[in-house]
Amino acid sequence: MKGWVMRARENEGLFFTVLLFSIAIFLFCLAQGAVSAVYPSYLKSFVLKAHLVGLLAALVYIIQLPVSGPVGALSDTTGRKKLLIVSLSAFAGVEVLYFINHHLIALILLQLLVGLLMVTVFVSSEAFIRDISPPEKRGEIRSFFGTWVTAGYLIGPVIGGWIGNTYSIRIPFLLSAAFMLLSLLLLSGLRDDRSHGNKASMRDRVSLLGPVRRFFSLGEEICYLSLSAIVLYFWYATKWIYAPLYLLHLGYDLSIVGIWLGASLLPLIILQIPAGILGDRIGKDRVIMGGIIISSIFIAPLGFISSLNGLILAILIISSGSAMIEPLINARITDIIPKESYGEYSGVFEGTKILGCILGPVVTGFIVELAGFRYAFVPSAILFFLLIVGRGRIWA
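Remember, predicted model here, so these are calculated numbers, not experimental data.

1. With respect to the overall build of the protein
Counting its secondary structure elements, the protein contains 16 helices and zero strands. Over its C-alpha atoms the protein spans a radius of gyration of 20 Å, differing by no more than 12% from the 21 Å that the globule rule assigns to 396 residues. Considering only C-alpha atoms, the protein reaches an extent of 65 × 50 × 45 Å along its principal axes. Residues classed as buried in the protein amount to 56% of the 396 residues present. Restricting to contacts in the protein with at least 6 residues of sequence separation, those with at least 24 account for 87%. The distance from the centre of the 30 positive side-chain charges to the centre of the 22 negative ones in the protein is 1 Å.

Encoded structure:
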């Protein structure tokens, strides 16, 4: 009986920690989501060409690529909470600078700064969730956390789209700063007293290639999961940058853009937790492959649909596939990597997502320039199909 009571108290404490942390990161994602509905229009106010919008958007991710591993290693030694508090404090100030800025050069600098702050938040967050997740509940806990993240990105665009359409595309940046301060308040009450135990030397921790070599030396499965992350985030970046521009091209206003982006996240709210539990029971790889197949089939026709009902139906199906992939590739990575290097390897894995976010806007931007919006989503569909082929070869 005593042992059962202790386990119940431990589970209660774990649930409270996961819930508090998830709400804090929800507020950060709500802030980012509020900006996302107006972000393409904001960038377009500085440049005219579609591929230049893509390049501006990619700056956020280009700066993240070389620093994601070192940032993760730093979180192993200094602690996740400290990095989150510093980065969120700075992020709130940067959002205010976006609100007042009217100069392209300043925008470029702000994009680079946001990239550094964003990678710090996401790497530290993923490492913290890995720290507290027992092996038998990794899929479930990562899915629970991911559901809160998705909720922020679902509600945020609806709020930001309405404000941008009714008042100004700059006001959502001020709202974003306010949400980040609330996130900071919650995180300040969170304990992070775990010893992370990364024994690498300081020179090795800040090395750009050392963490990457160690990560990919863990095996073929790591390589495939990393490719899956690149493709998934290639699609995500394409969706968040060029789908809004496609909707505006069709004549829809920013309110509709916000609603559509919100709808794109609804399946991740509903399906992530069931997908995580299912993955823990029948195998994460099977659920991931189901999501990849759905994505490869339904993304390509998106650019050939013009009715709002058709666009919403298509994105709901596509996002159902994403809900099967997103939490489980993260949980599967946690199964493989050693606990003492959760931060470092979370940083490297985050780098694969960043690479997808860089390639998505750049490649799609040139496709749009050459062939028009109808073909904007075809590269994403092709990449998902190649993942199916690659997995078949591994299984063979």
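Having seen the model, we can carry on.
2. Observations regarding the packing of aromatic side chains
Under the defined criterion, the tally for this structure stands at 19 aromatic pairs. Ring centres of phenylalanine 26 and tryptophan 148 lie 5.7 Å apart, and the angle between their planes is 80°; this geometry places the pair in the edge-to-face category. Of this pair, phenylalanine 26 sits in helix α1 (residues 2–36) while tryptophan 148 is found in helix α7 (residues 138–166), placing the two residues 122 residues apart along the sequence. Here tryptophan 148 falls in the partly exposed class, since its relative accessible area comes to 25%.

3. Overview of the environment of valine 378
Assignment of secondary structure puts valine 378 in helix α16 (residues 378–395). Residue class for valine 378 comes out partly exposed when judged on its relative accessible area of 23%. Residues valine 378 and valine 149 lie 229 residues apart in sequence; the distance between their C-alpha atoms is 27 Å.

4. Quick notes on the confidence of the model for the protein
Regions with low pLDDT carry predicted coordinates that are not meant to be interpreted in detail. Of all residues in the protein, 91% attain a pLDDT of 70 or more, and the chain-wide mean is 83. Within the protein, helix α9 (residues 202–205) has the poorest average pLDDT of any element, 50, and helix α8 (residues 171–187) the best, 92. Confidence drops under pLDDT 50 across residues 1–9; counting only partners more than four residues distant or on other chains, this segment forms zero contacts.

5. Observations regarding the packing of helix α4 (residues 64–78) against helix α5 (residues 80–100)
At their nearest, the axes of α4 and α5 sit 7 Å apart, and the two run at 120° to each other. Viewed along their axes, α4 and α5 adopt a mutual orientation that is oblique. Note on element contacts: α5 touches α4 through Arg80, Lys82 and Leu83, opposite Val71, Gly72, Leu74, Ser75, Asp76 and Thr78. Of the residues in the contact of α4 with α5, the class split is three nonpolar, three polar and three charged.

6. Quick notes on the packing of helix α11 (residues 220–249) against helix α13 (residues 284–298)
Put simply, α11 and α13 touch, their axes get as near as 12 Å, and they point 30° apart. Crossing of α11 against α13: the hand is left-handed. Facing α11, whose interface residues are Glu221, Tyr224, Leu225 and Ser228, α13 presents Asp285, Ile288, Met289 and Ile292. Along the lines of polarity and charge, the residues of the contact of α11 with α13 split into five nonpolar, one polar and two charged.

7. Concerning the nonpolar core
Among the nonpolar cores identified, the biggest contains 113 residues, and Phe21, Trp235 and Phe384 are the most heavily contacted of them. In terms of residue count, α11 provides more of this core than any other element does, 17 residues in total. Once you skip the residues sitting within four places of it in the chain, phenylalanine 384 turns out to touch Val231, Leu232, Trp235, Ile292, Ser295, Ser296, Ile299 and Ile325.

Definitions and cut-offs
- Residues numbered from 1 in each chain as written.
- Predicted model: local features only at pLDDT ≥ 70, side-chain atom pairs only at ≥ 80, totals over all residues.
- Heavy atoms only, no water.
- Helix = DSSP H or I, 4+ residues; strand = E, 2+ residues; numbered from the N terminus.
- Rg over C-alpha atoms; globule rule 2.2 N^0.38 Å.
- Buried < 20%, exposed > 50% of the residue type's maximum accessible area, 1.4 Å probe, protein only.
- Contact = heavy atoms within 4.5 Å.
- Lys, Arg positive; Asp, Glu negative; His and termini not counted.
- Charge placed at Lys NZ, Arg CZ, Asp CG, Glu CD.
- Phe/Tyr/Trp six-rings, centres within 6.5 Å; stacked < 30°, edge-to-face > 60°.
- pLDDT = per-residue confidence, 0-100.
- Axes fitted to C-alpha atoms, helices over the stretch in contact; angles between N-to-C directions.
- Parallel < 35°, antiparallel > 145°, perpendicular 65-115°, else oblique.
- Nonpolar A, V, L, I, M, F, W, Y, C, P; charged D, E, K, R; others polar.
- Left-handed = near helix turned anticlockwise from the far one by under 90°.
- Core = buried A, V, L, I, M, F, W, Y, C linked by side-chain atoms within 4.5 Å.

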